[in-house]
Amino acid sequence: MTVTVPRGFRAAGVAAGLKTSGAADIALVVNDGPDAGVAGVFTANRVKAAPVLWSQQVVRGGVVRAVVLNSGGANACTGPAGFQDTHATAEHTAAALTAGSPRLMLGAAEVAVCSTGLIGERLPMRKLLPGVRSAVRGLARDGGAAAAEAIMTTDTRPKTTVAKGSGWTVGGMAKGAGMLAPAMATMLCVLTTDAVAGPETLDAALRAATRVTFDRIDSDGCMSTNDTVLLLASGASGIEPTGAELTAAVTAACHDLAQQLIADAEGATKQIAIDVVGAADSDDAVEVGRSVARNNLVKTALFGNDPNWGRILAAVGTTSAAFEPDGVDVAVNGVWVCRSGAAAEDRSKVDLTGRDVTIRIDLHAGDAAATIWTNDLSHAYVHENSAYST
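Residues numbered from 1 in each chain as written. Predicted model: local features only at pLDDT ≥ 70, side-chain atom pairs only at ≥ 80, totals over all residues. Heavy atoms only, no water.

1. What about the UniProt feature "binding site: substrate" (unreviewed entry) in the chain?
Phase 1 of the analysis: In this numbering, the UniProt entry assigns the feature "binding site: substrate" (unreviewed entry) to Thr153, Lys175, Thr186, Glu266, Asn385 and Thr390.
Phase 2 of the analysis: Residue classification places Thr153 among the partly exposed residues on the basis of a relative accessible area of 26%.
Phase 3 of the analysis: Setting aside its immediate chain neighbours within four residues, Thr153 contacts Ser71, Thr116, Gly117 and Lys175. (UniProt positions renumbered as here; feature names shortened; annotations may be inferred. Buried < 20%, exposed > 50% of the residue type's maximum accessible area, 1.4 Å probe, protein only. Contact = heavy atoms within 4.5 Å.)

2. Description of the environment of Asn70
Phase 1 of the analysis: Along the chain, the position of Asn70 falls in strand E4 (residues 66-71).
Phase 2 of the analysis: Asn70 gets classed as buried once you look at its relative accessible area, which sits at 4%.
Phase 3 of the analysis: Distance in space between the C-alpha atoms of Asn70 and Lys19 is 9.8 Å, their sequence separation being 51 residues.
Phase 4 of the analysis: Not counting chain neighbours up to four residues away, the residues in contact with Asn70 comprise Leu18, Asp25, Ile26, Cys114, Ser115, Thr116, Leu123 and Leu128. (Helix = DSSP H or I, 4+ residues; strand = E, 2+ residues; numbered from the N terminus.)

3. What to know about the pairing of strand E10 (residues 271-279)
Phase 1 of the analysis: Among the 9 residues of E10, 9 are classified as buried, and the element is accordingly described as predominantly covered.
Phase 2 of the analysis: Here 7 bridges tie E10 to strand E14 (residues 356-362), and the two strands are oriented parallel to one another. Its bridge partner lying in E14, Val276 is registered against Ile361.
Phase 3 of the analysis: Sheet topology note: the E10/strand E15 (residues 368-375) ladder contains 7 bridges and is antiparallel. Paired with Ile274 across the bridge in E15 is Ile372. (Pairing = 2+ DSSP bridges.)

4. Section: the sheet that holds strand E9 (residues 228-233)
Phase 1 of the analysis: With mixed pairing, the 5 strands of this open sheet are ordered in space as E3-E9-E8-E7-E6. Of all strands in the sheet, those bounded by a partner on one side alone are strand E3 (37-42) and strand E6 (159-164). When the angles between neighbouring strand axes are averaged without regard to direction, this sheet yields 15°.
Phase 2 of the analysis: Pairing of strand E8 (residues 188-193) with E9, which is carried by 6 bridges, proceeds in the parallel orientation. Looking at the pairing, Cys189 lines up with Val229 of E9. (Axes fitted to C-alpha atoms, helices over the stretch in contact; angles between N-to-C directions.)

Right, here's the structure in full:
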């Protein structure tokens, strides 16, 4: 269940001392080919970390042979010096890989860089660069699990996945437990496939997949400066799936990882699916779902096992979606507590003792639907984020 399940990939995860805990903090994923196509989607935040700016340039070139990722520091809001640190990381990675395996012969422009951690501080390059060399030495076909652990920050567990095609495979790893909000949900994700696919096909598949997965999880309404999702194709299977087949597999992998992210959200005690139906179009459905997902009054009510449908309806009313206020129905865990914008079934029938919660909102304005996934807002979330940098 890792990025190294598809053929043609090696990975490693090592500790370089970037984290005070001594845990693994540098991951490396290498594409041994024969192909090296790539696609990427990145944070929509106007404040972008240096590795995002670098990797956006690299992805535009259409070829990526390696991705080096570090936790323990975001390298965001670090100015020109931070960008130079990213460039130096890519150059160092390329040189170390070429020295270790001359048949690769890659340059810095074929190395994507991802970072995650505290914003506003330079990375300790005297630790990071030797860590890259250690990661190169540790590359292995079964190194995906170690790589997934090395990118964790406040995550309590690594997130990995595999989706099978017909003779080809998609693998993936992701990290993220806070600052989960579109677009995308601080998350990093590397997806790999041994399918034969060029950059344009990969880009179409990845954008279609992220639109209905990572872009629809919203833990706390906070958008990261570092969000990156990369899809690498080795072509090692020799099989070229149709665009639809590739999109289906990539979407399945992204959905699995997205659900793991929201399940591990900081301090969460509830995993909440907000199903919006009867919308005039999908944009309306997403807007309504996102408004409810980001509403702190709704989130705290669910933390307290309170099916407070009035808060849900109030959140719906802040949107520009097409609906009539006296025509909206709301169900919580299958109990229709609101019909036609007013009280309906007894709210005491709603069982919120479990972890999984489903809110269904019927706007009665059309045939479109969408699901947004979120979590509750707990004491633990406030405690963790009040002490994150200290």
